[in-house]
Structure formats: structure tokens, C-alpha cells
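Residue strings, one per chain:
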Amino acid sequence: MMHELRAEEFAINFELMKRSRFYHIFNPNGSKIFNYNAYRLLLIILLVLVNGIVVYSSLGFFVKMEDTLSYIDSSVIIFVMINIFLCNWRFSVFLYNAKIIYDVFNVSRFDFFKSKHCCKNINVLCGHRDRTIKITNYFFVFSSTVMSQWVLFPLVLIAFTAPEDENIRQQNIMNLRYPVSTHTYNQYYYLFYLMEVIVAIFTMYSMIIPDILLMSWCWAIIAQQEILIQTFKYFGHEDSSQTVHYEDFKSILVDQIQLNLKIKSFYSVVRPVVLTYVAIISTCFIIVTYVLIVVCLSKESNSVLNIIKLGSSALYMCLDLFLYCYLFDSMNIKLESVNTSIYSCNWTKMDVKFKKLLFLTMQMNNANNLMIKASPKKIVNQQLFANIISMSYNIVSVMLKTTS
């Protein structure tokens, strides 16, 4: 059973998935409360709590308040609300497709391929596993550091600076607009801070861990495709009968079909998540970059902390977006390389029966359009990343000229 497997049997950072309890959300054999997955139930309770806080904070926009929001604070709140929507959307898709996600974990197993020829190249997975764990651990530390700054910086401001005006609200993590007076807000500041800590921790969890899982699956699929490339490329050079070659080739095709089915399942879940993510993160990147430049040009005493917080957040979003575009681009390239490697096998010495099977296989692979497209003509790749950065630069330039 899946819950009894060890981390060493997977080519992803499975240990991190278990420690974060993210894997347990999808494990149908895990702990249950009222015959329902306990971790999934806790996640739903957390979602309700976080959205309750966000809805309560949004009421401040519909009642008359003593103080007014600055343009920078308004932009940050918009940025926060967009990210919270993204987190809700992600978990809604994940929970709805929990069975598929649990099944996709198999694509990262070392024993996913069954044919003897594919098993000979299993060392490819070992190299990818070590690299994936190292990169995802670095990404986890970097992402956690960036998001922790939002949580810690308000406490630093309170500890080292005195409030300039009692009629101004103290700086919080996200400065959400609670429908209370300034005096009440400052009096019960740590209660409101705790509420925003809950929202921040939820955001950190729902942004970082799913990112690591999706990226790890991409690396695992790339590694499995590389195994197929190596297997097809050197197939048929050993001395065996035509019947043996034919049966061995069929067993490799079975492995390839199983991989393509898993990729289709993977894409069916991540397509709405990734396309929404690319659109939202692009918007957030524009907002944060604009606010960062405005803060850099301001003369506020606490601007240094804001510059660090906003600058690292912009860098995080840029890195995250690049990794997604790079990985899906690599998957597309590997998919094309698999078909090329089939033609590179020693098919010229095979009989007509084998050649017909090879021809049908290449036709089948050409018919498989396993790509995530942002539009009918644009796919998620590195070119899309370059276009997003270029578009963001142009939009931020226009915004700065308009407000200057």
C-alpha cells in the first residue's frame, strides 16, 4: 500500500511531502474522522477559518472608516487577496481530484516501468532524484524565508520604532481592512496580528508545498521520459531472435503507454491550476514590482524593510514562474525526443511485423498532444516566461508614468 512505502522508493522529495502532511491529504488509507480523511477534514476547517477572516477583513471596505488607505497599502491588499484566491482555487482543484493526485504519485516510483529494458536504465532516476531533492529543499528554504519576512517584519517595527500617531493603525502582516476603529485596532493589535498569522501560514503552506510537489512530478516525468529515450535508442543491437525483439519492444511500448496515461492524468489536474497560476502570478508580479519601485522612491523611515520584503517576493514569483515554464518546456522537448529515439533503434535489421509496429507507435506518439497551452497558439514554455517579463516591464513603466 502507498502509505507503507518508504521515501527511498520515490524519485521525488517524498519525505518532505510526508513531513508536511500534504501526502496524507490524498492518501485514502490514512487516519479517518467519521470515516473521512482526517487531514483533508483539517484542511477544510482551516480553509473555512481563513476565508472567514478574509471576509471579515473585507467588510472594512464597505463601512465608513476613520483613516484612509494609502495607494501602496491598497496595492498590497489587492496582491494579498489575489494570492488568497489562488490558494483557494488550488486546494479546490486538488481536493476535487484527490484520487487522481494519489494515483499520479506512482509516476515517481522507481518500479514504475516493468519491462526489462527500461529497468536497465533505472540509474537515470537515481541521478534525477538526488538533484530533485536538493533543488526542492533549497526552494523550500528560500520560499519560507521570503514569506516569513512578511510575518516577522511587523514585530520588528513594533520592537524598534515608536508609533508616530495614535490615529494611525500599526503595521500588520498584510494590513487587512478590519471594520473597527483605529483605537480598537491598536488596542487589540496582537489579536489582529494572530488572525493575519493564520492567513499567512495558510498562504505559505498552500503556495510552497504544492509548488514543490508539482515541480517534483515534472522532474520525475522528465526522468521517466529519459529512460524511454535511452531504452528505444539502444534497442535491437543485442543478438536475439526476431520474436524476442518484437515481444521486448511491445513490453517497452506498454511502459510508454502507462507513462502517457499518467501524464494525461497529471495534466488534467494541473492544467487549470497552472494556467490560473501563470495569469495570477503575472498580475501579482506587476503589482509587487510597481509597489517596490514606489517604495524605493519614497522617504519613509521603514522603507528598507518594505524594500527587502517586496524585493524578495518579486524575486520569488519570478523564480517560481520560470521553474514552471522551464519544466513544462523540458517535458515537451523530452516528449518529442522519445519519438526520435524510436526511429534511432536498430529497426533496419528487423522483420516487417516489427517495422509495422514501430510505424504505428510513431503515429500514435505524433497524435498525442501532451502539452499545456495558455492559448490555442501559445504553450507554457520558456518563451512564454520571456513574454510575461517583457509585458510586465511595459505595464509597470506605463503605471509609473501615469502616477508620476
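- With an unreviewed UniProt entry as reference, the protein is termed Odorant receptor, source organism Aphis gossypii.
- Under the UniProt heading Sequence similarities (unreviewed entry), the entry covering the protein gives this text: "Belongs to the insect chemoreceptor superfamily. Heteromeric odorant receptor channel (TC 1.A.69) family."
- Regarding the protein, the UniProt comment filed under Subcellular location (unreviewed entry) reads as follows: "Cell membrane".

**Observations concerning the overall build of the protein**
(1) Moving on: A count of helices and strands for the protein gives 13 helices and 2 strands.
(2) Moving on: The principal-axis extent of the C-alpha atoms belonging to the protein is close to 90 × 55 × 35 Å.
(3) Moving on: When burial is assessed residue by residue, the protein has 52% of its 404 residues classed as buried.
(4) Moving on: Here the protein carries 34 positive and 26 negative side-chain charges, and the mean point of each set is 7 Å from the other.

**A few points about empty space enclosed by the protein**
(1) Moving on: Enumeration over the complete set of coordinates arrives at 3 cavities of 30 Å³ or more.
(2) Moving on: In this structure, the largest cavity is lined by 18 residues; those nearest its centre are F79, N83, M147, W150 and T203.
(3) Moving on: For the lining of the largest cavity, the elements supplying multiple residues, two or more each, are α4 (71-96), α7 (123-160), α9 (189-233) and α11 (303-343).
(4) Moving on: Split by residue class, the lining of the largest cavity holds 15 nonpolar, 3 polar and no charged.

**Remarks on the UniProt feature "transmembrane region" (unreviewed entry) in the protein**
(1) Moving on: Mapped onto this numbering, the UniProt entry annotates "transmembrane region" (unreviewed entry) at residues 41-63, 69-89, 138-160, 188-208, 274-295 and 307-327.
(2) Moving on: Across residues 69-89 one finds 90% helix and 0% strand; the C-alpha atoms that close the span lie 28 Å apart.
(3) Moving on: A helix fraction of 95% and a strand fraction of 0% characterise residues 188-208, whose end C-alpha atoms lie 30 Å from each other.

**Quick notes on the environment of Q170**
(1) Moving on: Looking at the element boundaries, Q170 is found in the loop between α7 and α8 (182-187).
(2) Moving on: Exposure remark for Q170: the relative accessible area of 23% places this residue in the partly exposed category.
(3) Moving on: Spatially, the C-alpha atom of Q170 lies 8.9 Å from that of T182, the residues being 12 residues apart in sequence.
(4) Moving on: Excluding its chain neighbours within four sequence positions, the residues that come into contact with Q170 are I158, N175, Y185, N186 and Y189.

**Some thoughts on the side chain of D211**
(1) Moving on: Among the structural elements, D211 can be located in helix α9.
(2) Moving on: Under the relative-accessibility criterion, D211 is labelled buried at 0%.
(3) Moving on: Contact partners of D211, with chain neighbours within four places excluded, come to R90, F139, Y277, Y316, D320 and Y324.

**Examining the packing of α9 against α11**
(1) Moving on: Between α9 and α11, whose axes approach to 9 Å, the crossing angle comes to 20°. What the angle tells us is that α9 and α11 run roughly parallel. Between α9 and α11 the crossing geometry is left-handed.

Reading the values: rules and limits
- Residues numbered from 1 in each chain as written.
- Predicted model: local features only at pLDDT ≥ 70, side-chain atom pairs only at ≥ 80, totals over all residues.
- Heavy atoms only, no water.
- UniProt positions renumbered as here; feature names shortened; annotations may be inferred.
- Helix = DSSP H or I, 4+ residues; strand = E, 2+ residues; numbered from the N terminus.
- Buried < 20%, exposed > 50% of the residue type's maximum accessible area, 1.4 Å probe, protein only.
- Lys, Arg positive; Asp, Glu negative; His and termini not counted.
- Charge placed at Lys NZ, Arg CZ, Asp CG, Glu CD.
- 1 Å grid on protein atoms, 1.4 Å probe; cavity = no way out; pocket = protein on both sides within 12 Å on 5 of 7 lines; lining within 4 Å.
- Points joined across faces, edges and corners; volume = space filled by probe spheres on them.
- Nonpolar A, V, L, I, M, F, W, Y, C, P; charged D, E, K, R; others polar.
- Contact = heavy atoms within 4.5 Å.
- Axes fitted to C-alpha atoms, helices over the stretch in contact; angles between N-to-C directions.
- Parallel < 35°, antiparallel > 145°, perpendicular 65-115°, else oblique.
- Left-handed = near helix turned anticlockwise from the far one by under 90°.

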